[in-house]
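Structural description and commentary
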Amino acid sequence: MTTLTSTKPATSGSPPSSPPPDRPASGRVPDRTYLIFGGAGLLAALAYLVNLRHAVDFDLDEVMYAVAAQNVARHGSISWSAEPTAVHPPLHFLLLGGWSILTGTAEAPVLDAVFAARVLGALVSVATVLMSGLLSRLYRRSDLVLGAVLGLVVVDGFLLRFGRTALIEPTAVLTGLVVVYLGLRLRWAPGSRYVPLVGAVSGIALLVKEPLLFTVLVPVLAAALEQDWQFLRRAAAAVLVGFGVWAVFPLWAVLGGAGGWWLAEHRTNLDRLAGFLQLSGMNRPGVSSTGILGSTFATYLSGYLIFVFGVAGLLRLLWTSGVLRRRAARSRPASLLAFAVLSFGFLGYCVLFGQANEQLTAYSAVPAVLIGVLGWHTPPRVVIAALLLTGVVAWCLNVPLARDDATLRMGTHLTNSAACEPVNATGDAWRWIPVLPRNRVESQPDGPAALASGTHLFLLSRKDSAMRYGVSSPELDTWVRGHGVRIREFPSRRYQTIELWSAPGPVPARTAPCGNPAAVVAPNASAGLFLGLLGGALALVAVGGIAAGGAPSRRSVLSQIRTGMGRPR
């Protein structure tokens, strides 16, 4: 039985002169391993294909990101408004922009761009499944472990939900796994190779999503758990390089004349992350956390159970690794513990104090699977089988057997029956504009004010009202139901219900044109400038690595990736 341990070279921090005794020099991967990877990849692809066809309802952020992608492709502007996109780094939007050009949706309706971007998210999610398997092979060479990890990642409710979206989460989860993989794969590499490679990938991760900082710090915490201070210095140097690459983001904003806007957006982000400002999520004032958990429990059931499994594995590994007794941990347990502790800690803080949004759970899903399976000398087969069965059943009930296209159906109904009539949106107007091209979409939080402005049609969603998304609130919901007449209702797995109501009142003369204004493009959000700055930063990192000790050959890099499927050093 191969356990979660590793053999350290006698000289800490230097690369071993030969493979450790428990690793064959050839590093040959059994054919069965390729079959396991291939089977898991096919199952994941099938699951996400079904998701794309059946889980149609979309989020506000998906519309905004699709608009940003089209602005990148059409105008070279990383924006969805009159200001540069500063709430998130630009890299994911550049990726979406390139994808929209490849798929021919750069000039298409926004809704087509949303669904095209979802295909990219699904492809990235399949890659995440395979990357999870590669990482598990670094921790332990076992086909049982590999199959369990791949299977649980495929059926995890959080990954299935967000992995087929046009959101940042699929790209961010995959990028974070690459950081952890390289941090462990290059653990014994010389600093001249480790620092630039891990540092550059860490910077790219931060340019995808800044909360990936907790993933970037995994090698640092792992070094501390190993009590290997030479490795700690290398890991810290890589983090500094990563921050240097990330600094392209604020520099780009300053050079574009949007430094003040960037700083204001990041102050808001920090306030939200720390919990000082609650604009969304379960911790928002007036939102029932228990009600939200209850309404989403069936969708995320397998994910919740996998988190419990992961916490149990974490507690066991904390004890068996000797960390709780202040002993130095081996390299592989240290990396796994660091990954789990930082990701669980980040999620726990967000849930208890910070911005408790659903999508934040996706960042901790893979670490929960890894430590849940690897935290035991022998993975508990009965528990893993039960989790797999639960995941499959929950997915079947929530995706293939459930209808989830209420937004599209309501948009079609309004377009056919009340074209040009102004409509007060549920949630945010941005989410409704793509399906209501001829109706002017309003965002009035007050019913009487909406009537006074000539708006008689109201869209309601029980989930939006409970979560206080956008202009929605229990107060507005109650007013509309008390003063209006329900015209149409569609069930929605995503939004519980989408309802159309009409409230009587004076009908002023129509002065506004039908439809909605076109998306605005920021003139100072140059995609070319950002790519130039990023290319320059990565070139500086590469030159520094070459000056420090020589660049790794193409063959050695490919060998590092290929042998990752065999026994780790």
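Residues numbered from 1 in each chain as written. Predicted model: local features only at pLDDT ≥ 70, side-chain atom pairs only at ≥ 80, totals over all residues. Heavy atoms only, no water.

Within the protein chain, the regular secondary structure consists of 25 helices and five strands. By residue count, 54% of the 569 residues in the protein chain fall in the buried class. When contacts within the protein chain are restricted to residue pairs at least 6 apart in sequence, long-range pairs at least 24 apart make up 79% of them. Element-wise, carbon and sulfur atoms account for 66% of the exposed surface of the protein chain, whose accessible area totals about 23,000 Å². (Helix = DSSP H or I, 4+ residues; strand = E, 2+ residues; numbered from the N terminus. Buried < 20%, exposed > 50% of the residue type's maximum accessible area, 1.4 Å probe, protein only. Contact = heavy atoms within 4.5 Å. Areas by Shrake-Rupley, 256 points an atom, 1.4 Å probe, with all protein chains shown as cover.)

Here the focus is the packing of helix α7 (residues 169-185) against helix α17 (residues 362-374). Closest axis-to-axis distance for the α7/α17 pair is 9 Å, and the angle between their directions is 40°. Our classification of the angle between α7 and α17 gives oblique. As α7 runs across α17, the sense of the crossing is right-handed. From α7, E169, A172, V173 and L177 reach across to α17, where they touch A362, Y363 and V366. (Axes fitted to C-alpha atoms, helices over the stretch in contact; angles between N-to-C directions. Parallel < 35°, antiparallel > 145°, perpendicular 65-115°, else oblique. Left-handed = near helix turned anticlockwise from the far one by under 90°.)

Once that is clear, we can look at the nonpolar core. One finds L135, Y139, L370, V373 and F530 to be the most contacted residues of the largest nonpolar core, which totals 127 residues. In terms of residues, this core owes the most to one element, helix α4 (residues 110-139), which gives 12 residues. Membership of the second largest hydrophobic core comes to 23 residues, among which are A406, V435, L457 and Y495. (Core = buried A, V, L, I, M, F, W, Y, C linked by side-chain atoms within 4.5 Å.)

The next thing to look at is a nonpolar patch on the surface. A cluster of nonpolar side chains, L213, L217, L240 and F243, forms an exposed patch at the surface whose accessible area comes to about 330 Å². Residue placement: F243 occurs in helix α11 (residues 229-246). Residue classification places F243 among the partly exposed positions, given a relative accessible area of 35%. (Patch = residues over 30% accessible without salt bridge, like charges linked within 9 Å, V, L, I, M, F, W, Y side chains within 5 Å. Salt bridge = Lys/Arg side-chain N within 4 Å of Asp/Glu carboxyl O.)

Let's shift gears to the state of the cysteines. With the rule as written, the count across this model stands at one disulfide. Disulfide pairing is shown between C420 and C514; the S-S distance is 1.8 Å. On the S-S bond that ties C420 to C514, the torsion sits near 110°, and the link is right-handed. With a gap of 94 residues between them, C420 in the loop between α19 (406-417) and β1 (423-424) and C514 in the loop between β5 (496-502) and α24 (527-549) connect regions that are remote in the sequence. Relative accessible area serves as the criterion here: at 12%, C420 is assigned to the buried category. Judged by its relative accessible area of 40%, C514 is partly exposed. (Disulfide = S-S within 2.5 Å.)

Turning our eyes to something else, we now look at α4. The end-to-end C-alpha separation of α4 is 43 Å, in line with the 44 Å expected for 30 residues at 1.5 Å each. With respect to burial, α4 is a largely interior element, 23 of its 30 residues being buried. (Expected span 1.5 Å × (residues − 1).)

This brings us to the packing of aromatic side chains. Under the counting rule described, the total for this entry stands at 18 aromatic pairs. With a centroid separation of 5.5 Å and an interplanar angle of 50°, the aromatic rings of F158 and F307 are classed as tilted. A residue pair is termed long-range when its members are at least 10 positions apart, and F158 in helix α6 (residues 157-162) and F307 in helix α15 (residues 301-320) qualify at 149 residues. For F307, a relative accessible area of 14% corresponds to the buried category. Taken together, the ring pairs connect F158, F162, F297, Y300, Y304, F307 and F344 into an aromatic cluster. Over the aromatic face of Y495 sits the side chain of R431, whose NZ or CZ is 3.9 Å from the ring centroid. Sitting over the face of the ring of Y495, R494 holds its NZ or CZ atom 5.1 Å from the ring centroid. (Phe/Tyr/Trp six-rings, centres within 6.5 Å; stacked < 30°, edge-to-face > 60°. Lys NZ or Arg CZ within 6 Å of the ring centre and 35° of its normal.)

On the basis of which strands lie adjacent, the open sheet formed by five strands has the order β2-β1-β3-β5-β4 and mixed pairing. Looking at strand neighbours, the two that pair on one side only are β2 (441-442) and β4 (485-492), the edges of this open sheet. Sheet analysis places β4 next to β5, joined by seven bridges and oriented antiparallel. Note that in β5 the partner of V485 across the bridge is S502. (Pairing = 2+ DSSP bridges.)

Another aspect to go through is α15. Between its terminal C-alpha atoms α15 stretches 29 Å, which fits the 28 Å expected from 20 residues at 1.5 Å a residue. On its buried face, α15 sits against α5 (143-155), α6, α16 (331-352), α17 and α18 (381-398). After α15 finishes, the residue G322 shows a positive phi value of roughly 85°.

So, on to unusual backbone geometry. Although it is not a glycine, Q227 sits at a positive phi angle of roughly 60°. The residue Q227 is located in the loop between α10 (218-226) and α11 in this model. Despite not being glycine, C420 has its phi angle at roughly 80°, a positive value.

So, on to the confidence of the model for the protein chain. Taken over all residues, the pLDDT of the protein chain has a mean of 88, while the share at 70 or more is 90%. Below pLDDT 50 for its whole length, residues 5-26 participates in 37 contacts with residues either more than four positions away or in separate chains. This stretch, residues 563-569, has a pLDDT under 50; its non-local contacts, to residues over four places away or in other chains, come to 33 contacts. (pLDDT = per-residue confidence, 0-100.)

Let us look at the pattern of salt bridges. Enumeration over the complete set of coordinates arrives at 21 salt bridges. A salt bridge links D59 to R161, with the nearest nitrogen and oxygen atoms 3.1 Å apart. Of this pair, D59 sits in the loop between α1 (31-54) and α2 (60-75) while R161 sits in helix α6, placing them 102 residues apart in sequence. For D59, a relative accessible area of 9% gives the class buried. The structure contains a network of salt bridges with shared partners spanning R462, D477, R481, R486, E489 and E499.

This part is about the pairing of strand β3 (residues 457-460). Along β3, one buried face is formed by L457 and L459 and the opposite face, lined by F458 and L460, is buried too. Relative to β3, β1 is paired through two bridges, and the arrangement is parallel. Within β3, the position partnered with V423 by the bridge is L457.

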